[in-house]
Amino acid sequence: MTVNDTGNGADLLDQPPLTYGQILRLDQLLQVARVDEDDVDRTLFLATHQSCEIWFAIMLRHLEEAGRALRDGDGEAALRRIAPLPTAMRVLSDQFDALATMAPEAFGRIRVELGDTSGFQSVQWREVEFLCGLRDERLLRTHGFTDADRARLRARLEGPSVADAFDAFRAGGRPPALVERVRAALLTFDESAALWRARHAALAERFLGGAPGTAGSEGANYLWGAARRRLFPAAWPQD
């Protein structure tokens, strides 16, 4: 079949190529991000959290693919998906550096305006934890989660974890050198997540001191404790 036989092929050839803004859907993205709000501090605060959620979504895709590859016995494919994750965590830490430039009174004002909403209610980050293998069913009771949120998290709880996939990969007679490379990659990612948590805790302490957090959390105290949790305990040296 030729182009002319389709009846609309010629029209397709006449269409101009997509622009940079169209490919990125910038009009929709910037409208959702509300970058034109009068309150510049609020724009920074909200855009920072929106950016984090985009990265969480990307991380979930990579973790899903890494787990699938490990279950298929393809360590090289798993390594390709794990490799960007520590860099993503460093980018997320830089988001907190941007928030740290806010004046304390601006941070406090925005926090009051947001009421009980909190990053503690990030369903995607809980999905990251659950998908990795760090699973705490008590988090399903987090204030502010919808029924749909809880259903998503329940599905993660009941689905296979990357930690389980790694355990099976390691026990499956794979080349020891490849197993060690996967273990080291998971450890590097886990370490970067711990550093991100610690940076979050330092930011919370900077603005809130020892005050309680929103959404029922204990603020900086909770975050410092969370920094000691491990996504992949088996990747760390054992006693």
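This structure is a prediction, so every number in the text was calculated from the model and none was measured. Counting starts from 1 at the beginning of each chain's written sequence and moves along it residue by residue. Local features in a predicted model are, by the rule used here, given only for residues with pLDDT of at least 70; side-chain atom pairs are given and counted only at 80 or more, and totals for whole chains, interfaces and linings are based on all residues. Excluded from the side-chain calculations are hydrogens and water; all other atoms, namely the structure's heavy atoms, are used.

Draft legend 1. Highlighting helix H10 (residues 162-170). Note on classification: 1.4 Å probe, protein chains only; a residue is buried when its accessible area is under 20% of the maximum for its type, exposed when over 50%, partly exposed between these limits. Runs of E in the DSSP output that reach at least two residues are strands. Runs of H or I that reach at least four are helices, and both are numbered from the N terminus. Three or more residues of H10 are buried, namely Val162, Ala163, Ala165, Phe166 and Phe169. Angular distribution of buried residues about the axis of H10 spans 160 degrees; they occupy a single face of the element. Every residue pair with non-hydrogen atoms within 4.5 Å of one another is taken to be in contact. Here the buried face of H10 lies against helix H4 (40-71), helix H5 (75-82), helix H8 (123-132) and helix H11 (176-208). By definition, the arc is the one covered by directions from the helix axis to the C-beta atoms.

Draft legend 2. Spatial organisation of the nonpolar core. Residues enter a nonpolar core if they are buried and are Ala, Val, Leu, Ile, Met, Phe, Trp, Tyr or Cys, with the set joined through side-chain atoms within 4.5 Å. Ranked by size, the top nonpolar core spans 49 residues in total, and within it Met59, Phe189 and Phe232 carry the most contacts. Counting only elements with at least two residues in this core, the list comes to H4, H5, helix H6 (85-99), helix H7 (104-114), H8, H10 and H11. In terms of residue count, the dominant contributor to this core is H11 (11 residues). Aside from chain neighbours lying at most four places away, what touches Met59 is Leu85, Ala88, Met89, Leu92, Trp125, Val128 and Phe189. If you look at the next biggest cluster of nonpolar residues, it comprises 8 residues, including Phe130, Leu140, Leu153 and Leu157.

Draft legend 3. View of unusual backbone geometry. Although it is not a glycine, Arg25 sits at a positive phi angle of roughly 55 degrees. Among the secondary structure elements, Arg25 is positioned in the loop between helix H2 (20-24) and helix H3 (26-33). We classify Arg25 as exposed; its relative accessible area is 57%.

Draft legend 4. Up close: a nonpolar patch on the surface. Within this analysis, patches are made of residues with over 30% relative accessible area and no salt bridge. Like charges are joined at 9 Å or less; nonpolar side chains (Val, Leu, Ile, Met, Phe, Trp, Tyr) at 5 Å or less. Note on areas: these come from Shrake-Rupley sampling with a 1.4 Å probe, and a residue is covered only by the protein chains present in the view. Each reported salt bridge corresponds to a side-chain nitrogen of Lys or Arg within 4 Å of a carboxyl oxygen of Asp or Glu. Together, Leu29, Leu30, Val35, Ile54 and Ile58 line one region of the surface with nonpolar side chains, adding up to about 390 Å² of accessible area. Of all the secondary structure elements, the ones that give two or more residues to the nonpolar patch are H3 and H4. With respect to the helices, strands and loops of the structure, Leu30 is situated in helix H3.

Draft legend 5. Layout of the layout of surface pockets. The volume enclosed by the largest pocket comes to roughly 940 Å³. Looking at the largest pocket, it is lined by 34 residues, and the ones nearest its centre are His49, Ser118, Gly119, Phe120 and His200. Elements with a contribution of two residues or more to the lining of the largest pocket: H4, H6, H7, H8, H11 and helix H12 (220-226). For the lining of the largest pocket, the element with the most residues is H4, which contributes 7 residues. Tallied by class, the residues present in the lining of the largest pocket amount to 18 nonpolar, 12 polar and 4 charged. The definitions used throughout rest on a 1 Å grid laid over the protein atoms alone, on which a cavity is an enclosed set of points accommodating a 1.4 Å probe that cannot get out and a pocket is an open set flanked by protein within 12 Å on both sides along at least five of seven lines; lining residues are those having an atom within 4 Å of a point. Grid points are joined across faces, edges and corners, and a volume is the space filled by probe spheres set on the points. Here the second largest pocket is characterised by a volume of approximately 200 Å³. Lining the second largest pocket we find Phe120, Asp136, Arg138, Leu139, Arg141, Thr142, Tyr222, Ala226 and Arg229. Amino acids are sorted into nonpolar (Ala, Val, Leu, Ile, Met, Phe, Trp, Tyr, Cys and Pro), charged (Asp, Glu, Lys and Arg) and polar (every other residue, Gly among them). Grouping the amino acids of the lining of the second largest pocket by side-chain chemistry returns 4 nonpolar, 1 polar and 4 charged.

Draft legend 6. Examining the packing of H5 against H11 more closely. Axis separation between H5 and H11 bottoms out at 10 Å; the angle between their running directions is 20 degrees. As judged from the angle between their axes, H5 and H11 are roughly parallel. You can see that H5 and H11 cross each other, and the crossing is left-handed. The segment H5 lies against H11, with Gly75, Glu76, Leu79 and Ile82 engaging Leu178, Arg181, Val182, Ala185 and Leu186. Grouping the constituent residues of the contact of H5 with H11 by class yields 6 nonpolar, 1 polar and 2 charged. Angles shown run from 0 to 180 degrees and are taken between the N-to-C directions of axes, each axis being a line fitted to C-alpha atoms and, for helices, limited to the stretch in contact. The cut-offs work like this: below 35 degrees is roughly parallel, past 145 is roughly antiparallel, 65 to 115 is roughly perpendicular, and the gaps in between are oblique. Left-handed describes a crossing whose near helix is turned anticlockwise from the far helix by less than a right angle; the clockwise case is right-handed.

Draft legend 7. Molecular detail of the environment of Pro16. By the element assignment, Pro16 lies in the loop between helix H1 (9-14) and H2. The exposure class of Pro16 is exposed, given its relative accessible area of 67%. Between the C-alpha atom of Pro16 and that of Arg141, which follows or precedes it by 125 residues, the distance is 51 Å.

These values are about where atoms sit, not about what they do.
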